[in-house]
Amino acid sequence: MPNEEMVVTPWKVSGEIDYEKLIQEFGTQPITDELLEKIKKHTGELHLQLRRRIFFSHRDLDWILDMYEAGHRFVLYTGRGPSGPVHIGHLVPWIFTKHLQDVFGAKLYFQMTDDEKFLIHPEFTLERTNRIAYDNALDVIATGFDPKRTFIIMDSEQGGILYRLAVQVAKRITFSTVKAVFGFEESSNIGIIFFPAVQAVPCFIESAITGENTPCLIPAAIDQDPYWRVTRDAAPKLGYYKPAQIHCKFLPGLGKGGKMSASLPETCIFTTDPPEVVDRKIWNAFTGGRPTAREQRLHGGDPSICPIYYYYYYLFEDDDSKMKNLAEDCRNGEILCGECKLKLAERVKRFLAEHQRRREEARNRIEEYKFKEP
Ligand code: TRP
């Protein structure tokens with residue numbers, strides 16, 4: 001697949017992804033060592049996802065930190081398009097967002113775009129995407145966000161302030177802009193053409209409610225960036241700060257190349273997968289290994305193309321020196337894929353057992369987390 005052209009939009013991610021090129025194309029900033037030092041002053045030891053540049057790009061993160069240092073608190077905003085079950089790739093930015101909430105004591109607005117998924121998928125009903133939104137909210141809550149400071153916005157139920165702010169934003173964005181940014185066409189339904197205004201709203205809710213202009217930081221995968229471009233254009237016209245972003249990479253799927261995607265279930269570890277399914281999927285995964293143990297011992301494997309390696313790297317091995325050893329042992333043929341897979345499967349199962357326990361507990365806590373207009 002390496003020759004397949006890279007596509008990164010909010011609704012499609014395919015081809016081999018060149019993150020440096022995305023920084024260029026999207027006009028964002030790389031996360032520099034200097035910026036990491038600045039973050040470290042507030043967070044202490046850097047989070048794995050920063051140390052390893054899983055969050056690799058940003059806009060105005062330096063500004064948000066300057067504001068914070070000058071005594072201005074910021075709010076966090078992230079979200080989920082509920083089109084199907086949650087997998088461990090979705091958890092990557094949520095885990096990091098929880099870390100930011102913990103270290104900065106920030107409020108989090110979490111948007112569930114059941115409206116977006118209804119509008120974009122010809123065959124989906126709103127009832128279906130709303131049902132999925134409630135299911136996905138269990139995973140959000142299980143991630144461990146602070147119930148007192150976390151507000152889940154169920155788009156299709158919200159109305160009120162969501163609609164009032166959305167029309168304010170919509171008035172400042174032209175069709176020709178969203179057409180260019182999102183690739184809309186004459187045949188696109190007008191709901192989806194309006195929708196970028198809806199996704200902009202949570203950036204401004206805190207400011208609108210409190211009457212005090214409040215900076216907003218959005219941790220999210222890089223594919224959501226088109227939304228923030230139009231939001232940032234509209235913000236000053238409404239008298240609000242432009243929202244800042246910090247962008248992450250995609251967790252690879254268990255197959256050869258490509259991000260983890262629910263539409264390819266065998267290459268995907270869902271948060272509700274039982275242990276035997278986790279074992280099977282990991283066992284069948286593509287790796288950077290050689291066809292035979294003998295060749296692997298002789299020539300070594302290639303961690304840079306191995307999803308198993310990336311799961312340790314993104315989520316399941318926090319110790320940098322162990323990570324380095326693993327890569328070396330793989331390249332030197334000192335560890336075989338079977339062993340590496342079995343160890344990973346144990347960690348994933350342990351992680352999921354805990355996540356699933358919290359997910360069940362979350363069933364009667366959704367109301368507590370839901371945003372209610374004051
Ligand atoms: N459009 C996003 C999706 O399809 C959902 C979303 C809404 C979101 N607001 C967000 C994602 C803010 C990240 C940050 O998944």
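Residues numbered from 1 in each chain as written. Predicted model: local features only at pLDDT ≥ 70, side-chain atom pairs only at ≥ 80, totals over all residues. Heavy atoms only, no water.

Undergrad: I'd like a rundown of the packing of aromatic side chains, residues and numbers included.
TA: Counted under the stated rule, the structure contains 25 aromatic pairs. Ring centres of Phe-182 and Phe-184 lie 5.3 Å apart, and the angle between their planes is 10 degrees; this geometry places the pair in the stacked category. On the basis of relative accessibility, which here comes to 6%, the residue Phe-184 falls in the buried class. Ring geometry for Tyr-310 against Tyr-313: centres 6.4 Å apart, planes inclined by 90 degrees, an arrangement best described as edge-to-face. Here Tyr-310 and its partner Tyr-313 are both found in helix H16 (residues 307-316), three residues apart, which amounts to about one turn of the helix. Tyr-310 gets classed as partly exposed once you look at its relative accessible area, which sits at 23%. With relative accessibility at 23%, the residue Tyr-313 sits in the partly exposed group. What links up through ring pairs into an aromatic cluster is the set Trp-11, Tyr-77, Phe-182, Phe-184, Phe-195, Tyr-227 and Trp-228. Positioned over the ring face of Tyr-313 is Arg-52, at 5.3 Å from the centre of the ring. (Phe/Tyr/Trp six-rings, centres within 6.5 Å; stacked < 30°, edge-to-face > 60°. Buried < 20%, exposed > 50% of the residue type's maximum accessible area, 1.4 Å probe, protein only. Helix = DSSP H or I, 4+ residues; strand = E, 2+ residues; numbered from the N terminus. Lys NZ or Arg CZ within 6 Å of the ring centre and 35° of its normal.)

Undergrad: Can you break down the sheet that holds strand E9 (residues 244-248) residue by residue, with the values?
TA: Spatial strand order, E3-E4-E9-E8-E5-E6-E7: seven strands in an open sheet with mixed pairing. Each edge of the sheet is formed by a strand with only one pairing partner; in this case those strands are strand E3 (29-30) and strand E7 (150-154). Sheet topology note: the strand E5 (residues 75-80)/strand E8 (residues 216-221) ladder contains two bridges and is parallel. The residue bridging Leu-76 from the neighbouring strand is Leu-217, located in E8. (Pairing = 2+ DSSP bridges.)

Undergrad: Go over the site of the ligand with me, naming the residues and quoting the values.
TA: The ligand sits among 14 residues. The nearest are Tyr-77, Gly-81, Glu-116, Gln-199 and Gln-224. Here Tyr-77 contributes a side-chain N or O atom positioned 2.8 Å from a nitrogen atom of the ligand. Here the ligand has 360 Å² of accessible area as a free molecule, and 92% of this is covered by the chains. Put simply, the parts of the chain that give the shell around the ligand at least two residues each are E5, helix H6 (114-120) and E8. The leading source of residues in the shell around the ligand is E5, at four residues. Classifying every residue of the shell around the ligand by side-chain character gives four nonpolar, seven polar and three charged. (Near = heavy atom within 4 Å. Polar contact = N/O pair within 3.5 Å; in protein donor to acceptor, adjacent residues only side chain to side chain. Areas by Shrake-Rupley, 256 points an atom, 1.4 Å probe, with all protein chains shown as cover. Nonpolar A, V, L, I, M, F, W, Y, C, P; charged D, E, K, R; others polar.)

Undergrad: How would you sum up the environment of Val-140? Please name residues and give values.
TA: Mapping Val-140 onto the fold places it in helix H7 (residues 126-142). Using a relative accessible area of 1% as the deciding quantity, one classes Val-140 as buried. For the pair Val-140 and Ala-362, spaced 222 residues apart in the sequence, the C-alpha separation amounts to 9.1 Å. The residues contacting Val-140, other than those within four sequence positions of it, are Trp-94, Phe-110, Met-112, Phe-145 and Ile-152. (Contact = heavy atoms within 4.5 Å.)

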